[in-house]
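Residue-level structure breakdown
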Amino acid sequence: MPEKTELPEENQMFEYEIAVARRADLYREADRYRMVRQVEAALRSGRREESEGKVRDGRSFFGRAA
């Protein structure tokens, strides 16, 4: 098996910059995923509140007696 040769310093710096950029992309992707999940949860929560039923006004269900 061939021995691993040391890369020139320029290539090491380039690989480091690629790794930093990739990490930043992963952080942005995770933030976007988290935000979408929070919005979906809020929408589901809002739908549950709406589906609980009508809010009655002050009037009774029965008609007035003559």
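Above: the structure in question.
Report on the accompanying structure.

What counts and how
- Residues numbered from 1 in each chain as written.
- Predicted model: local features only at pLDDT ≥ 70, side-chain atom pairs only at ≥ 80, totals over all residues.
- Heavy atoms only, no water.
- Helix = DSSP H or I, 4+ residues; strand = E, 2+ residues; numbered from the N terminus.
- Buried < 20%, exposed > 50% of the residue type's maximum accessible area, 1.4 Å probe, protein only.
- Areas by Shrake-Rupley, 256 points an atom, 1.4 Å probe, with all protein chains shown as cover.
- Salt bridge = Lys/Arg side-chain N within 4 Å of Asp/Glu carboxyl O.
- Patch = residues over 30% accessible without salt bridge, like charges linked within 9 Å, V, L, I, M, F, W, Y side chains within 5 Å.

1. Topic: the overall build of the protein chain
Secondary structure summary: the protein chain contains 1 helix and 0 strands in total. By the burial criterion, 0% of the 66 residues in the protein chain qualify as buried. Summed over its atoms, the accessible surface of the protein chain is roughly 7,300 Å², and 54% of this surface lies on carbon and sulfur atoms.

2. A closer look at the pattern of salt bridges
As enumerated under the stated definition, the model contains 2 salt bridges in all. A salt bridge links Arg28 to Asp25; its shortest N-O distance comes to 2.4 Å. Residue Arg28 and its partner Asp25 are both found in helix α1 (residues 9-50); the two are separated by 3 residues, about one turn of the helix. Taking the relative accessible area as the measure of exposure, Arg28 reaches 46% and is therefore partly exposed. Asp31 is paired through a salt bridge with Arg34; the nearest N and O atoms lie 2.8 Å apart.

3. Some thoughts on a nonpolar patch on the surface
A surface patch of nonpolar side chains, amounting to about 290 Å² of accessible area, comprises Met13, Tyr16 and Val20. A relative accessible area of 45% places Met13 in the partly exposed class.

Function cannot be inferred from these measures alone, as they are strictly geometric.
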